[in-house]
Amino acid sequence: NPEQEYAYQFLLDNELKVADPYAEKVLDPMNDSYISTVVYPGLKAYPTGKTTGIVSVMQGNQATYAWKNTANFKRPEKNKLVIYELLIRDFTEGHSYASTLQKLDYLVTLGINAIELMPVNEFEGNLSWGYNPSFYFAPDKYYGSKTALQNFIDECHGRGIAVILDMVFNHSFGQSPMVQMYF
């Protein structure tokens, strides 16, 4: 059913179970229980009793985000960027894209025209700065859904703010499938 989310893993050499390194969403049995339903409503349940470790999630027919601010947004010139580096986790008490949206007007009054989001892809634990990535293409659920991230970027663009994603590829740790397979 392309409308349904499916959880899966790869079994390598009949002994190592890993999630898909290219997954856009994963389920983490250790950390997902700390994610509020307010921040991430409708999170698929971990398949307890069926496997161990991190599990990939895929859905064939994902909803397409309807961008509102594509025509009116003009990216600031590189030599005129005024960048605010932002860690979603610490910026608001709600530690989410949605709670950070409420502060965008404040950021505009500071005179910024770009927000550099400290890493927002899945990383080890929930309380990191994100410089220990494990899944490069999966937005970390602790901050909200992929749609919430897209909405955050869209609202920033609506206020003339560019969004820069800080990413680190060479600091992966133990839960990364690449580390598990090749370290």
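Being a predicted model, the structure only gives us computed values, none of them experimental.

The rules behind these values
- Residues numbered from 1 in each chain as written.
- Predicted model: local features only at pLDDT ≥ 70, side-chain atom pairs only at ≥ 80, totals over all residues.
- Heavy atoms only, no water.
- Helix = DSSP H or I, 4+ residues; strand = E, 2+ residues; numbered from the N terminus.
- Buried < 20%, exposed > 50% of the residue type's maximum accessible area, 1.4 Å probe, protein only.
- Contact = heavy atoms within 4.5 Å.
- Core = buried A, V, L, I, M, F, W, Y, C linked by side-chain atoms within 4.5 Å.
- Pairing = 2+ DSSP bridges.

A few words now on the side chain of N31. Mapping N31 onto the fold places it in the loop between β4 (26-27) and β5 (55-58). Residue class for N31 comes out buried when judged on its relative accessible area of 15%. Leaving out residues up to four positions away in the same chain, N31 has contacts with G125 and N126.

This part is about the nonpolar core. Within the largest apolar cluster, 23 residues are counted, with the highest numbers of intra-cluster contacts made by Y97, L104, I115, L117, Y143, F152 and C156. Those elements giving two or more residues to this core turn out to be α2 (97-101), α3 (104-109), β7 (114-117) and α4 (146-158). Residue contributions to this core peak at 4 residues, all from α4. Beyond its immediate stretch of four places on either side in the chain, L104 contacts I115, F152, E155, C156 and R159. In this structure, A19, I54, F135 and A138 belong to the second largest nonpolar core, which totals 6 residues.

To continue, consider the sheet that holds β5. To summarise the sheet geometry, strands pair through backbone hydrogen bonds and adopt either a parallel or an antiparallel arrangement. The sheet built from 3 strands is open, its strands ordered β1-β5-β4 with antiparallel pairing. Edge positions in the sheet fall to β1 (6-8) and β4, since each of these pairs with one other strand and no more. Relative to β5, β4 is paired through 2 bridges, and the arrangement is antiparallel. The partner of V26 across the bridge, within β5, is S56.

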